[in-house]
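Given next are the chains, with one letter for each unit.
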Amino acid sequence: MPKAARVYVRYVEAVNRVVGRIVMYLIFVMIGVMLYASFSRTVIGMPLNWAMEMGQFLLAAYYLLGGGYSLQINAHVRMDLLYGRLSPRKMAFTDTLTAFCLIFYLSTLLIGGISSTEYAITYKQVNYTSWAPLLWPIKSIMTFGIFLMLLQAIAIFFKDLARVRGEEIA
Amino acid sequence: MSYELITLLMFSSLMVMLLTGQRVFGAIGFVAALAALLLWGDRNIEMPFNATFQVLNWYPLLTLPLFIFMGYMMSESGIANDLYRMFHVWMGRVRGGLALGTIGLMVIISAMNGLSVAGMAIGASVALPELLRRGYDKVMVTGVIQAGSSLGILIPPSVVLVLYAMIARQPVLQLWLAGVVPGLIMAAFFAIYIYIRCRRHPELGPPLPEEELAEVTWGEKIRLLRAGIIPFLIFGTMMGLFLSGITSLVESSAVGATGAIIAAALKRRLTFRVIEDTTRQTLAISCMFLFIILAALCFGAVYDGLGAKNAIRTLLLETWDLSPWEILIMMMVSFVVLGMFLDDTAMLVIVAPLYIPLVIGLGFNPIWFGILYVITCQIAYITPPFGYNLFLMRAMAPPEITLVDIYRSIVPFVGIMILTIIIVMAFPQLTLWLPNWYFGR
């Protein structure tokens, strides 16, 4: 494989690994926010109007920023009726053929994400709730997560291509 | 293009894409995005992203990572080992007792996690090696663990029922309560089956040798019962706060997750390594489910936008002229058939919005229908070619258990699940009694 592809794979995987291993700890933040919300409401008697949306935003950041890492550690199920019987090299070969599907889907997500974020910034879009948070920060985070996933999907394509040619790039 | 042709094209291209072995969410998302562009035009390139925004508004979905985390933390905490030992000592005298004990273990684990993954992890790592070492029949015990852990989606807390509740716009609490009795009935059927088989073929599940049982004193037997206290406390606190309305659904799941962390800390298992492993596995499983939901929502939106709801109603009610019960049975059969090829989460997101208005229109209870749906999901979890528990079993089973063993092991349990569906269908009050009693007080 050309050197550029190797360098690309190395850097993209490193970035996704770091991002993924940081955002995976957001689960504790989600637990914390929920416990604080119930404590504040029942014990102090002061309901929080932001807890629910904060939980939703945290979840979106959690799985979209973690998406690239989840692809990297092969967390996604496949229908393996036929695929499961192939040798690792043939698996890599079929994956290079179908990689464009994943890349196509992630690209449409990215295009939609960018235009939705642009809209949110231009019109200072807010949620229609009592907290009324601005939506562009979370939309930017979501879009960035999708971008990282797309980069990872392309990196996986390069890795599969290398495997088909009998090489390994880590 | 006619509606039937579009249906045929969308679903057949989906099947083909799934068969290529591409990641399920990638295959569904690709067909959905492409169909959006081709059928609806360029402006709909934003459709896939809009589905992510819909997910953002499904607040109860937060329970998904929290319950997954709770289940993994529980399996790492070593509580399962204590529980297993408890059943082992108390049930050891009976023929097939350890297999019966495993069913008991699975019921308790099901009450502390919302999917079947934690049950599978515990079953394959704690119970399976021990059962094999004791000379239990490998085909039988493989089936016990797969079928037993599938109870996780029927016995509360259940993430599948949370998802159904969001799609069907029904209260989660009613659905959870409705799952209790059918779940226990199914567990009882599993136990009866194992007991009868081991009576007739004692070599399938030999009792523990007398000398081993004699070593266990009554003091120890009583001490082992304490293993049941922690799970009982966690489940009791979580459900108690939820039932009394003190905490909301999502807050209760956070309470449960905290309970699991505290339990692990008390058992001195809360090392940095355990925290990291559980957190990473939680992210992996949550991402897998959430991306499938995301892609399926987009698929459903494109498909439903074509008027699928009315077309299905016309087909069933006018073209085929079926009676309500025939329609219900058709729906169940379609779940089983689709569930073989499609992930059941995706199936729920795509098919349920089409079926549920029809079910309500025909005068059936949507809560009861939800329970029927979850049992078909359980069947889908353990039947090839696409079943989560099958995947996990293949990944985790020791080498002496072959693929053929795994496939053979599920046959009697699928039979029991079908029997349970028939009973739940024939006697809706089995499902509805508990929620009606609770809300009627």
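Fair warning: this is a prediction, and the values are worked out from it, not measured in the lab. (Residues numbered from 1 in each chain as written. Chains lettered and ligands numbered in written order. Predicted model: local features only at pLDDT ≥ 70, side-chain atom pairs only at ≥ 80, totals over all residues. Heavy atoms only, no water.)

## Let's talk about the overall build of chain B
Step number 1: Looking only at helices and strands, chain B has 23 helices and 0 strands in total.
Step number 2: Relative to the 2.2 N^0.38 estimate, which gives 22 Å for 441 residues, the radius of gyration of chain B is 22 Å and therefore close to what a compact globule would have.
Step number 3: Taken along its principal axes, the extent of the C-alpha atoms in chain B is 75 × 50 × 45 Å.
Step number 4: Every one of the 441 residues in chain B was classed for burial, and the buried ones make up 61%.
Step number 5: Entry remark: accessible area of chain B is about 16,400 Å², with carbon and sulfur atoms responsible for 65%.
Step number 6: One way to put it: in chain B the 25 positive side-chain charges average out to a point 8 Å from where the 24 negative ones average out. (Helix = DSSP H or I, 4+ residues; strand = E, 2+ residues; numbered from the N terminus. Rg over C-alpha atoms; globule rule 2.2 N^0.38 Å. Buried < 20%, exposed > 50% of the residue type's maximum accessible area, 1.4 Å probe, protein only. Areas by Shrake-Rupley, 256 points an atom, 1.4 Å probe, with all protein chains shown as cover. Lys, Arg positive; Asp, Glu negative; His and termini not counted. Charge placed at Lys NZ, Arg CZ, Asp CG, Glu CD.)

## As for the packing of helix α5 (residues 88-122) of chain A against helix α3 (residues 47-57) of chain B
Step number 1: Interaxial distance between α5(A) and α3(B) falls to 7 Å at its minimum, and their mutual angle equals 70°. Our classification of the angle between α5(A) and α3(B) gives roughly perpendicular. Of α3(B), the residues touching α5(A) (which contributes Tyr105(A), Thr108(A), Leu109(A), Gly112(A), Gly113(A) and Ser116(A)) are Pro48(B), Phe49(B) and Thr52(B).
Step number 2: Of the residues contributing to the contact of α5(A) with α3(B), the split by class is 4 nonpolar, 5 polar and no charged. (Axes fitted to C-alpha atoms, helices over the stretch in contact; angles between N-to-C directions. Parallel < 35°, antiparallel > 145°, perpendicular 65-115°, else oblique. Contact = heavy atoms within 4.5 Å. Nonpolar A, V, L, I, M, F, W, Y, C, P; charged D, E, K, R; others polar.)

## Concerning the environment of Ala120(A)
Residues and elements named next belong to chain A.
Step number 1: By the element assignment, Ala-120 lies in helix α5.
Step number 2: When the C-alpha positions of Ala-120 and Lys-139 are compared, they lie 7.9 Å apart, and in sequence the two are 19 residues distant.
Step number 3: For Ala-120, the contacting residues outside a window of four places in its chain are Gln-125, Leu-135, Trp-136 and Lys-139.

## Remarks on the environment of Trp136(A)
Residues and elements named next belong to chain A.
Step number 1: Mapped onto the fold, Trp-136 is located in helix α6 (residues 136-164).
Step number 2: Separated by 61 residues in sequence, Trp-136 and Ala-75 place their C-alpha atoms 29 Å apart.
Step number 3: Beyond its immediate sequence surroundings of up to four residues, Trp-136 is in contact with Thr-117, Ala-120 and Ile-121.

## Focus: the environment of Val144(B)
Residues and elements named next belong to chain B.
Step number 1: Among the secondary structure elements, Val-144 is positioned in helix α8 (residues 138-149).
Step number 2: Using a relative accessible area of 0% as the deciding quantity, one classes Val-144 as buried.
Step number 3: Once the C-alpha coordinates of Val-144 and Leu-128 are considered, the two residues, 16 residues apart in sequence, prove to be 9.6 Å apart.
Step number 4: The contacts of Val-144, once residues within four sequence positions are left out, are Ala-99, Thr-102, Ile-103, Ile-194 and Phe-413.

## Focus: the interface of chain B and chain A
Step number 1: Counting from both sides, the interface comprises 62 residues of chain B and, opposite them, 62 residues of chain A.
Step number 2: Taking both partners together, chain B and chain A bury about 5,600 Å²; carbon and sulfur atoms supply 77% of that area.
Step number 3: The largest contributions to the chain B side of the interface with chain A come from Arg23(B), Phe49(B) and Leu283(B), which together make up 14% of the buried area.
Step number 4: Here chain B is connected to chain A by 2 salt bridges.
Step number 5: Ionic pairing is found between Arg41(A) and Glu251(B), a salt bridge with its closest N-O pair at 2.8 Å.
Step number 6: On the surface where chain B and chain A come into contact, there are 9 residue pairs in polar contact (both at pLDDT 80 or more).
Step number 7: Only α1 (3-19), α2 (24-40), α3, α4 (63-76), α14 (249-266), α15 (272-304) and α20 (388-396) of chain B provide two or more residues apiece to the side of chain B that touches chain A.
Step number 8: Among the elements that make up the side of chain B that touches chain A, the one with the highest residue count is α15(B) (16 residues).
Step number 9: Broken down by class, the residue content of the side of chain B that touches chain A amounts to 43 nonpolar, 13 polar and 6 charged. (Buried area = accessible area lost by both parts, 1.4 Å probe. Salt bridge = Lys/Arg side-chain N within 4 Å of Asp/Glu carboxyl O. Polar contact = N/O pair within 3.5 Å; in protein donor to acceptor, adjacent residues only side chain to side chain.)

## Section: the nonpolar core
Step number 1: Formed by 223 residues in total, the largest nonpolar core has its most connected members in Tyr63(A) and Phe369(B).
Step number 2: Looking at this core element by element, the count peaks at 18 residues for α15(B).
Step number 3: When sequence neighbours within four positions are dropped, the list of residues in contact with Phe369(B) reads Tyr164(B), Leu328(B), Met331(B), Met332(B), Phe335(B), Tyr355(B), Ile356(B) and Val359(B).
Step number 4: Core analysis: the second largest hydrophobic core is formed by 7 residues, Ala5(A), Val9(A), Ala162(A) and Ile169(A) among them. (Core = buried A, V, L, I, M, F, W, Y, C linked by side-chain atoms within 4.5 Å.)

## With respect to the packing of helix α7 (residues 117-133) of chain B against α8(B)
All names here are of chain B.
Step number 1: Orientation of α7 relative to α8, taken along the N-to-C sense of each, is 160°, at an axis distance of 10 Å. Our classification of the angle between α7 and α8 gives roughly antiparallel. For the pair α7 and α8, the sense of crossing is right-handed. Residue-level inspection shows Gly-119, Met-120, Gly-123, Ala-124, Ala-127, Leu-128, Leu-131 and Leu-132 of α7 in contact with α8, the latter providing Lys-138, Val-141, Ile-145, Gln-146 and Ser-149.
Step number 2: When its residues are assigned to classes, the contact of α7 with α8 shows 8 nonpolar, 4 polar and 1 charged. (Left-handed = near helix turned anticlockwise from the far one by under 90°.)

## Let's talk about the confidence of the model for chain B
Step number 1: Chain-level statistics for chain B give a pLDDT mean of 88 and a share of 100% at 70 or above.
Step number 2: With a pTM of 0.91, the predicted complex shows an ipTM of 0.95. (pLDDT = per-residue confidence, 0-100.)

## Side note on the pattern of salt bridges
All names here are of chain A.
Step number 1: In total, this model carries 12 salt bridges over all chains according to the counting rule given.
Step number 2: Of the charged contacts in the structure, one is a salt bridge between Glu-167 and Arg-165, with a shortest N-O distance of 3.6 Å.
Step number 3: A relative accessible area of 21% means that Glu-167 is categorised as partly exposed.
Step number 4: Assessed through its relative accessible area of 52%, Arg-165 is described here as exposed.

## Concerning the packing of aromatic side chains
Step number 1: Taken as a whole and judged by the stated rule, the model has 29 aromatic pairs over all chains.
Step number 2: Arranged with centres 6.3 Å apart and planes meeting at 65°, the rings of Tyr105(A) and Phe25(B) form a pair that is edge-to-face. Taken together, the residues span two chains, with Tyr105(A) in helix α5 and Phe25(B) in helix α2. The same class applies to Tyr105(A) as to Phe25(B), namely buried.
Step number 3: A cation sits over an aromatic face here: Lys139(A) above Phe53(B), 4.7 Å from the ring centre.
Step number 4: Over the aromatic face of Trp90(B) sits the side chain of Lys221(B), whose NZ or CZ is 5.3 Å from the ring centroid. (Phe/Tyr/Trp six-rings, centres within 6.5 Å; stacked < 30°, edge-to-face > 60°. Lys NZ or Arg CZ within 6 Å of the ring centre and 35° of its normal.)

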